[in-house]
Amino acid sequence: MRRFARKLHRYAGLTLALFLVIVGLTGSALAFYEELDAWLNSDLMHVPPGRPALSASELVSRIEAWDDRIRVTGRPG
């Protein structure tokens, strides 16, 4: 009985240790989310200079022309 308890304790401990390692790694990845995102998706973080920004009225007209079901009734701020 003692031998069985020792093996059960050993393998339960190893299983829980593996679980805790996974939790620790994913937790540290979440702590550095912004840095990892900037490193992995650096091409998405940079917008090359190009055309000038559109006015709010031009944006509204383009959005409403894109889909007939959309009607812009107001805008914030």
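Since the model is a prediction, treat every value here as computed from it, not as a measurement.

(A) Seen up close, the overall build of the protein. What the protein contains, in helices and strands, is three helices and zero strands. Ordered by position from N to C terminus, the α and β elements of the protein give α-α-α. Against the globule reference of 11 Å for 77 residues, the protein gives a C-alpha radius of gyration of 27 Å, more extended than a compact globule. Of all 77 residues assigned to the protein, the portion counted as buried reaches 1%. Counting every atom, the protein has about 7700 Å² of accessible surface; 65% of that belongs to carbon and sulfur. Here the protein holds 10 positive side-chain charges and 8 negative ones, and the gap between their average locations is 25 Å.

(B) Region of interest: a nonpolar patch on the surface. A cluster of nonpolar residues, Phe32, Leu36, Trp39 and Leu40, forms a patch on the protein surface that exposes about 490 Å² of accessible area. With respect to the secondary-structure elements, Leu36 resides in helix α2 (residues 33-40). Among the residues examined, Leu36 registers a relative accessible area of 33% and is labelled partly exposed.

(C) How the structure looks around the environment of Arg69. Locating Arg69 in the fold gives a position in the segment after α3 (56-66). Within the structure, the side chain of Arg69 is placed 2.9 Å from the side chain of Asp67, a separation counted as a polar contact.

What counts and how
Residues numbered from 1 in each chain as written. Predicted model: local features only at pLDDT ≥ 70, side-chain atom pairs only at ≥ 80, totals over all residues. Heavy atoms only, no water. Helix = DSSP H or I, 4+ residues; strand = E, 2+ residues; numbered from the N terminus. Rg over C-alpha atoms; globule rule 2.2 N^0.38 Å. Buried < 20%, exposed > 50% of the residue type's maximum accessible area, 1.4 Å probe, protein only. Areas by Shrake-Rupley, 256 points an atom, 1.4 Å probe, with all protein chains shown as cover. Lys, Arg positive; Asp, Glu negative; His and termini not counted. Charge placed at Lys NZ, Arg CZ, Asp CG, Glu CD. Patch = residues over 30% accessible without salt bridge, like charges linked within 9 Å, V, L, I, M, F, W, Y side chains within 5 Å. Salt bridge = Lys/Arg side-chain N within 4 Å of Asp/Glu carboxyl O. Polar contact = N/O pair within 3.5 Å; in protein donor to acceptor, adjacent residues only side chain to side chain.

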